[in-house]
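Below are the chains, spelled out letter by letter.
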Amino acid sequence: MLEPSHNNELPAIPGKRYFTIGEVADLCAVKAHVLRYWEQEFPQLSPLKRRGNRRYYQRADVITIRQIRSLLYDQGYTIGGAKQKLSSSEVKDDTSQYKQLIRQMITELEEVLDVLNSPAR
């Protein structure tokens, strides 16, 4: 669902297990209040809630949010249309999510390779 050209606009997802709402907002280029609204609208989004009702998102949540963002902002879907698109694509297959993960891993591996190939200081 995310076109390759859109991936360059968003920062790479760090190799962490959990992300705060502020981190996810930065990673997905949306405001925190938009994320909270999308949680109500999209059943696919269900971050863990811990002490003090703090939200902790996982990597899959970040990818789903990026898919929602792409559908709404880049492809012009309405909330209802994006819900249908996500649920229909979930039933078919999550290949888009896997492609996004693979692209992310390639980017991270290329960064590691650059570090390894750089001369020692």
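Structure shown above.
Residues numbered from 1 in each chain as written. Predicted model: local features only at pLDDT ≥ 70, side-chain atom pairs only at ≥ 80, totals over all residues. Heavy atoms only, no water.

Caption draft 1: Focus on the packing of aromatic side chains. Scanning the model with the defined rule gives one aromatic pair in all. Note on W38 and Y73: the rings are 6.0 Å apart at their centroids and 55° apart in plane angle, and the pair reads as tilted. Of this pair, W38 sits in helix α3 (residues 32-41) while Y73 sits in helix α4 (residues 59-74), placing them 35 residues apart in sequence. With relative accessibility at 2%, the residue W38 sits in the buried group. Residue classification places Y73 among the partly exposed residues on the basis of a relative accessible area of 44%. One Lys or Arg, R50, reaches over the ring of Y18 and ends 4.8 Å from the middle of that ring. (Phe/Tyr/Trp six-rings, centres within 6.5 Å; stacked < 30°, edge-to-face > 60°. Helix = DSSP H or I, 4+ residues; strand = E, 2+ residues; numbered from the N terminus. Buried < 20%, exposed > 50% of the residue type's maximum accessible area, 1.4 Å probe, protein only. Lys NZ or Arg CZ within 6 Å of the ring centre and 35° of its normal.)

Caption draft 2: Main features of the side chain of Q104. With respect to the helices and strands, the residue Q104 is situated in helix α6 (residues 95-117). According to the relative accessible area criterion, Q104 is buried, its value standing at 6%. If near-sequence neighbours (up to four positions away) are discounted, Q104 is found in contact with A12, I13, R59 and R66. (Contact = heavy atoms within 4.5 Å.)

Caption draft 3: Spatial organisation of the nonpolar core. Ranked by internal contacts, the top residues of the largest apolar core, which has 22 residues, are V24, L35, W38 and I65. Of all elements in the fold, only α2 (21-28), α3, α4 and α5 (79-92) reach the threshold of two or more residues within this core. Here this core gets six residues from one element, more than from any other, and that element is α4. Residues in contact with I65, not counting those within four places in the same chain, are V24, C28, L35, W38, L45 and Y57. (Core = buried A, V, L, I, M, F, W, Y, C linked by side-chain atoms within 4.5 Å.)

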